[in-house]
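Remarks on the overall topology
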Amino acid sequence: MKRREFLRRSSVKGITALTGASLFLKACHTEEDMIGEPNWVVQGLFDRPLPMPSVVKQSATLHAQRTSGQLLKGKMTEILSYGTETIGPTIQSRMGESINVALHNELKEDTNIHWHGLILPEDMEGHPKDVTASGASFRYSLPINQRAGAYWYHPHAHGSTASQVFMGLVGMFIVNDDEETMLNLPSGDFEIPLIIQDKRFDGGRLDYSPTEEEIMTGYLGEQILVNGLHAPFLSVASGWYRLRILNASTARVYNLGITGGIHMNIIGGDGGLLTAPETVSSILVAPGERIDVLVNFTDHPAGKEVYLVSNRFSEYNAQGRQSFNLLKFKIERTSAHTFTLPQTLSHIKLIDQNTSVKTRTFDISGMTGGEGGHGGSGGHSINGKTFDMHRIDETVQAGTTEIWEFDNMMGDEIHPMHIHSVQFQILHRMGGRNQIIASEKGWKDTVLVMPGEKVQVIMTFPEHKGVFVLHCHNLEHEDDGMMLNFRIV
Ligand SMILES: [Cu+2]
């Protein structure tokens with residue numbers, strides 16, 4: 001199918017007004033109508049316990065390798081992994097520390113690690129030019145000079161980022177600091193990392209084989225995994241929990257909520273805590289984004305079961321038309337632990353717009369007109385350009401502040417835009433949702449730009465110099481070339 005025809009048929013532009021609960025329009029399809037359509041999520045039994053990634057501190061050794069895991073009930077599946085678990089270990093650190101990570105590439109292809117959200121020197125942060133060949137090793141030395149937050153890590157070898165992430169090479173990277181510790185937030189058994197990935201299977205085999213159409217829209221899986229397991233449950237007490245949620249899917253956006261009338265108190269986004277909690281009934285989380293959520297199961301009787309769900313958010317886009325469960329919470333005991341939601345969480349100094357030395361606009365709505373192709377000559381573009389490893393697209397001055405504008409006003413596709421090695425603040429969203437949502441009211445490294453939207457962000461570049469990338473975190477788009485280099489001088 002030609003692209004134009006495909007777009008006409010899918011009418012994805014209509015997504016723009018449909019993302020807030022109050023803006024939700026009545027769908028003309030019922031879910032029953034659409035069962036069996038492509039990428040329809042298949043729900044499981046929620047009868048296997050949620051696995052927890054192991055936690056490592058100060059140093060880690062990661063063996064990128066082919067192994068197997070029981071992602072689906074009763075079936076072993078070949079996956080890629082950083083060790084013996086289906087999800088990479090959570091690397092836990094404190095601001096001011098330096099973390100050493102040894103990567104051993106035991107794959108048959110290049111790989112590397114990008115430390116998503118961490119502000120790191122050029123040679124450590126995982127630019128696609130810096131890959132580790134099959135059979136080789138690399139030592140990452142990561143100085144942690146930023147505030148508490150849930151960051152994460154994944155491969156960034158151009159052309160194979162999506163497949164390696166899809167096959168399982170992901171992990172969380174937690175930074176703690178004194179400001180966060182003072183809050184005494186729920187911790188230990190009450191702090192739960194939730195890493196969400198959608199997967200497609202062909203029989204018992206993981207299947208990553210996007211068609212040309214799927215490179216346009218993103219590759220959607222029918223099974224939703226949490227911490228590497230399809231349809232798990234978590235046994236909880238009737239107290240407060242802190243959920244550290246990461247969307248590590250290649251393209252799927254989730255509109256997360258909890259059933260049973262339980263609200264999500266959003267306390268943080270990509271770059272750590274907000275200034276104050278924001279209470280929502282559901283929230284969009286795009287690929288690459290994280291949310292930090294406090295949930296109160298107090299006042300719910302033992303024996304009650306509720307679900308982490310993704311609610312419908314668009315009737316026009318295939319992935320927005322369905323609501324489905326991701327994880328079951330079984331409230332099974334009472335908790336002696338008491339906690340009161342804090343009124344204030346952290347201090348965030350807003351960047352003064354008057355200090356910006358330049359505004360750059362990035363047109364993310366276009367295609368280069370090529371036929372596209374995964375890792376090929378490219379279709380998705382930024383400012384009409386597809387990624388060239390050796391071309392510097394933008395040059396910025398270390399330590400200066402700029403406003404960058406991502407313009408998807410004329411676009412038809414969903415683009416979560418990510419900038420390496422900085423944290424930014426979101427100034428405006430024009431068109432579409434026309435607002436900044438709860439998780440966007442703090443520091444960010446990835447911002448969802450829906451079709452019909454234009455988003456402005458402001459950031460101060462770090463003092464370290466070098467070449468970094470900005471790109472779409474729909475990983476099919478990224479591998480298709482929707483990425484540029486910027487150099488800090
Ligand atoms: Cu994109």
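Right, let's walk through the structure included here.

**Some remarks on the sheet that holds strand E33 (residues 483-488)**
Strand order in the open sheet formed by five strands is E26-E33-E32-E28-E30, with mixed pairing between adjacent strands. This sheet does not close on itself; its edge strands, each paired only once, are strand E26 (394-396) and strand E30 (446-449). With strand direction ignored, the average angle separating the axes of adjacent strands in the sheet is 25 degrees. Where strand E28 (residues 415-419) and strand E32 (residues 466-472) come together, three bridges link them in antiparallel fashion. By the bridge assignment for E32, Ile419 is matched with Leu470.

**Let's talk about the side chain of Lys328**
Position of Lys328 among the secondary structure elements: in strand E24 (residues 324-333). Within polar-contact distance, the side chain of Lys328 engages the side chain of Glu305 at 3.4 Å.

**Some words on the environment of Val175**
When you line up the elements, Val175 lands in strand E10 (residues 171-176). Expressed as a C-alpha distance, the spacing of Val175 and Asn145, which sit 30 residues apart in the sequence, is 9.6 Å. Discounting chain neighbours no more than four positions away, the residues touching Val175 are Ser93, Arg94, Met95, Leu118, Ile144, Gln146, Arg147, Ala148, Gly149, Tyr151 and Glu180.

**As for the packing of aromatic side chains**
By the definition in use, this model includes 20 aromatic pairs. Taken together, a centroid distance of 5.1 Å and an interplanar angle of 45 degrees make the contact between Phe166 and Tyr208 tilted. Here Phe166 is found in helix H3 (residues 161-166), whereas its partner Tyr208 is found in the loop between strand E13 (205-206) and helix H5 (212-217), with 42 residues between them in sequence. The two residues Phe166 and Tyr208 agree in class, both being buried. Members of the aromatic cluster, connected to one another through ring pairs, are Tyr82, Trp115, Phe138, Tyr140, Tyr153 and Phe173. Sitting over the ring of Phe233, Lys330 keeps its end group 4.3 Å from the ring centre.

**Quick look at the pattern of salt bridges**
Tallied over the entire structure, the rule returns 29 salt bridges. For Arg242, the salt bridge is made with Glu180, and the minimal N-O distance between the two is 2.8 Å. Highlighted residues: Arg242 in strand E17 (residues 240-247) and Glu180 in helix H4 (residues 178-181), separated in sequence by 62 residues. Neither Arg242 nor Glu180 differs from the other in exposure class; each is buried. The shortest N-O distance in the salt bridge between Lys444 and Glu289 comes to 2.6 Å. In this pair, Lys444 is assigned in the loop between strand E29 (425-430) and E30 and Glu289 in the loop between strand E21 (282-285) and strand E22 (290-296), connecting sequence segments 155 residues apart. Comparing Lys444 with Glu289 shows no difference in burial state: the two are buried. Look at the salt bridges and you will find they share partners, linking Glu180, Glu191, Arg242, Arg244 and Asp292 into a network.

**What about the sheet that holds strand E9 (residues 149-154)?**
Taken in spatial order, the five strands make up an open sheet running E2-E5-E10-E9-E7, and their pairing is mixed. The open sheet has two edge strands with one neighbour each: strand E2 (55-57) and strand E7 (114-116). Adjacent strand axes in the sheet meet at a mean angle of 30 degrees, parallel and antiparallel pairs treated alike. Strand direction decides the pairing type here: E2 and strand E5 (residues 90-94), joined by three bridges, are parallel.

**Focus on the coordination of the copper ion**
Donor atoms from the polypeptide that coordinate the copper ion comprise His415 (ND1), Cys472 (SG) and His477 (ND1), at 2.0 to 2.1 Å from the metal. Mapping the donors of the copper ion onto the primary sequence gives the spacing H-x56-C-x4-H. His477 matches Cys472 in its accessibility class, with the two residues each being buried.

**As for unusual backbone geometry**
With a phi close to 65 degrees, Gln58 is a non-glycine residue in the positive phi region. We note that Asn227 has phi near 50 degrees; this positive angle belongs to a residue other than glycine. Examined against the element boundaries, Asn227 turns out to sit in the loop between strand E14 (223-226) and strand E15 (229-230).

**Considerations on the environment of Leu256**
On the secondary structure map, Leu256 appears in strand E18 (residues 254-258). Assessed through its relative accessible area of 0%, Leu256 is described here as buried. Those residues in contact with Leu256 that sit more than four places away from it in its chain are Ile196, Ile245, Met264, Ser281, Ser282, Ile283, Val285, Ile291, Leu308, Val309 and Leu326.

What counts, and at which threshold
Residues numbered from 1 in each chain as written. Predicted model: local features only at pLDDT ≥ 70, side-chain atom pairs only at ≥ 80, totals over all residues. Heavy atoms only, no water. Pairing = 2+ DSSP bridges. Helix = DSSP H or I, 4+ residues; strand = E, 2+ residues; numbered from the N terminus. Axes fitted to C-alpha atoms, helices over the stretch in contact; angles between N-to-C directions. Polar contact = N/O pair within 3.5 Å; in protein donor to acceptor, adjacent residues only side chain to side chain. Contact = heavy atoms within 4.5 Å. Phe/Tyr/Trp six-rings, centres within 6.5 Å; stacked < 30°, edge-to-face > 60°. Buried < 20%, exposed > 50% of the residue type's maximum accessible area, 1.4 Å probe, protein only. Lys NZ or Arg CZ within 6 Å of the ring centre and 35° of its normal. Salt bridge = Lys/Arg side-chain N within 4 Å of Asp/Glu carboxyl O. Donors = N, O, S within 2.8 Å, 3.2 Å for Na, K, Ca; no water.

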